[in-house]
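Residue-level structural notes
Each chain, letter by letter, is given below.
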Amino acid sequence: MSDKSEASVGARVRQLREERGYSREELSESADISVKFLYEIEKDKKGFSAHTLMKLAEALEVSTDYIMTGHGGKTHANESEENVRSNTMREVESLLKLAYEWIKQEERS
């Protein structure tokens, strides 16, 4: 599936899910839809509402336009992972500072 714009909507959803490393169960839970419904979407057996489209786009971190047409904003998973890592590192640094201050305070007591 080299040209995503020519792929079906269901094929794009499946491709995005696989690129993100999600199982059907994980994506369906994240998008708040049933696994069976997600399967039917991916196989182009069922259509879906704008509300479901928005939930899928959010869960897959892409624009609704990208899911429908293959064009538009596609957020790469690596960008998201970098943001998560950055936030995690800040939280770890903060916890380490708190632990260090607590140890210093215990040593003074």
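Now for a quick tour of the structure.

Here's the deal with helix α3 (residues 35–42)
Quick reminder: α-helices carry 3.6 residues per turn. Residues three or four places apart thus point the same way. Listed as buried for α3 are Leu38, Glu40, Ile41 and Glu42. Buried residues belonging to α3 abut α1 (9–20), α2 (24–31) and α4 (50–60). With its phi angle positive at about 60 degrees, aspartate 44 sits one or two positions after the end of α3.

Some points on α2
Leu27, Ser28 and Ala31 are the residues of α2 that are buried. The arc enclosing the buried residues of α2, seen along the axis, measures out at 100 degrees, which places them on a common side. Structurally, α2 contributes buried residues whose contacts are with α1, α3 and α4. One or two steps after α2, the chain reaches aspartate 32, where phi turns positive at roughly 60 degrees.

Observations concerning the nonpolar core
Ranked by size, the top nonpolar core spans 16 residues in total, and within it Val13, Leu27, Leu56, Leu60, Val62 and Ile67 carry the most contacts. Going through the elements one at a time, α1, α2, α3, α4 and α5 (64–69) are the ones with two or more residues in this core. No other element matches α4, which puts five residues into this core. Those residues in contact with leucine 27, other than ones at most four positions away along the chain, are Val13, Arg17, Tyr22, Leu38, Leu56, Ala59 and Leu60.

What about the pattern of salt bridges?
For the structure shown, the criterion picks out six salt bridges. The partner of glutamate 42 in a salt bridge is arginine 17, and the shortest N-O contact between them spans 2.6 Å. Remark: arginine 17 occurs in helix α1 and glutamate 42 occurs in helix α3; sequence separation between them is 25 residues. A relative accessible area of 5% places glutamate 42 in the buried class. Residue glutamate 19 is joined to arginine 20 by a salt bridge in which the shortest nitrogen-to-oxygen separation is 3.8 Å. A relative accessible area of 34% means that glutamate 19 is categorised as partly exposed. A cluster of three or more residues bridged by salt bridges with shared partners is formed by Arg17, Arg24 and Glu42.

What counts as what
- Residues numbered from 1 in each chain as written.
- Predicted model: local features only at pLDDT ≥ 70, side-chain atom pairs only at ≥ 80, totals over all residues.
- Heavy atoms only, no water.
- Buried < 20%, exposed > 50% of the residue type's maximum accessible area, 1.4 Å probe, protein only.
- Helix = DSSP H or I, 4+ residues; strand = E, 2+ residues; numbered from the N terminus.
- Contact = heavy atoms within 4.5 Å.
- Arc of directions from axis to C-beta.
- Core = buried A, V, L, I, M, F, W, Y, C linked by side-chain atoms within 4.5 Å.
- Salt bridge = Lys/Arg side-chain N within 4 Å of Asp/Glu carboxyl O.

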